[in-house]
Amino acid sequence: MKKIVMLAAAITAVSANAATYKIDPYHANARFSIDHFGTSSNVGGFYNLTGELQLDVEKGTGSIDVTIPVSSLQASSQDFTNHLKSADLFHAEKFPEMRFVSTKFHFADKKVTEVEGNLTLLGKTHPVTLKATKFNCYQSPMLKAEVCGGDFVTTIDRSQWGMNYLVDVGMTKDVEIAIQIEAAKQ
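Predicted model only: the values in this text are computed from it and were never measured.

Calculation rules
- Residues numbered from 1 in each chain as written.
- Predicted model: local features only at pLDDT ≥ 70, side-chain atom pairs only at ≥ 80, totals over all residues.
- Heavy atoms only, no water.
- Helix = DSSP H or I, 4+ residues; strand = E, 2+ residues; numbered from the N terminus.
- Core = buried A, V, L, I, M, F, W, Y, C linked by side-chain atoms within 4.5 Å.
- Buried < 20%, exposed > 50% of the residue type's maximum accessible area, 1.4 Å probe, protein only.
- Contact = heavy atoms within 4.5 Å.
- Phe/Tyr/Trp six-rings, centres within 6.5 Å; stacked < 30°, edge-to-face > 60°.
- Salt bridge = Lys/Arg side-chain N within 4 Å of Asp/Glu carboxyl O.

Let us look at the environment of lysine 59. Counting through the fold element by element, lysine 59 comes out in the loop between β4 (50–56) and β5 (61–69). Measuring from C-alpha to C-alpha, the distance between lysine 59 and phenylalanine 107 comes to 9.5 Å, with 48 residues separating the pair along the chain.

Below, the structure written as structure tokens:
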């Protein structure tokens, strides 16, 4: 029992030192690119992301919980956007949002280098590792608060989440994802 109480106190102390940041929906998006039968790439993006970041750069700890509204999806035309939102792909009516919840932050020289977590898409959850291509914290002259964020990339196998549209006729399963996040200290 004593060990449990000490562990709970340690977790509370770590959480108490971490600052809370709210995701800025104006500076956050998730975009994807998928090869289209070896000729070009189809792209689209999600906007109005919401969520919260806990970060303690000095201790090298962090967590993030991001909600991605499927209704915000935009592609090259309204017809293509509507198809992407259909049951063939993102099935927006049944699954109106995606969610990424971190499980571990990695740091080097007080900069976030990777974020491991779980991506929920189409009702299924699988692990994903986001690699930071840049990360920084700065004092925002507009928000009058510290803002932290960065650019992150990963490649997923969409079939893990059951998104198998056109896989049987040769379209790739691999989807490149780029995420930009900025969050303001609360």
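There's more to say after this.
General note: in soluble globular proteins, nonpolar side chains tend to be found buried as a group. Phe46, Leu55, Ile64, Phe90 and Ile181 are the most contacted members of the largest nonpolar core, which has 42 residues in total. With five residues, strand β10 (residues 174–185) is the largest single contributor of residues to this core. Aside from chain neighbours lying at most four places away, what touches phenylalanine 46 is Asn29, Ala30, Phe32, Ile68, Pro69, Val70, Ser72, Leu73, Phe90 and Met98.

Aromatic ring pairs are reported here in terms of the distance separating the ring centres and the angle at which the planes meet. Tallied over the full model, the rule gives four aromatic pairs. Aromatic pair phenylalanine 32 and phenylalanine 46: ring centres 6.0 Å apart, planes at 45°, arrangement tilted. Of the two residues, phenylalanine 32 is situated in strand β2 (residues 29–36) and phenylalanine 46 in strand β3 (residues 40–46); the sequence distance between them amounts to 14 residues. Residue phenylalanine 32 is classed as buried on the basis of its relative accessible area, which comes to 10%. For phenylalanine 46, a relative accessible area of 3% gives the class buried.

Next up on the list: the pattern of salt bridges. Per the stated rule, a full pass over the model turns up four salt bridges. The partner of lysine 131 in a salt bridge is glutamate 114, and the shortest N-O contact between them spans 2.9 Å. Residue lysine 131 is found in strand β8 (residues 124–140), and its partner glutamate 114 is found in strand β7 (residues 111–121); the two are separated by 17 residues along the sequence.

So yeah, pure geometry; function would need other evidence.
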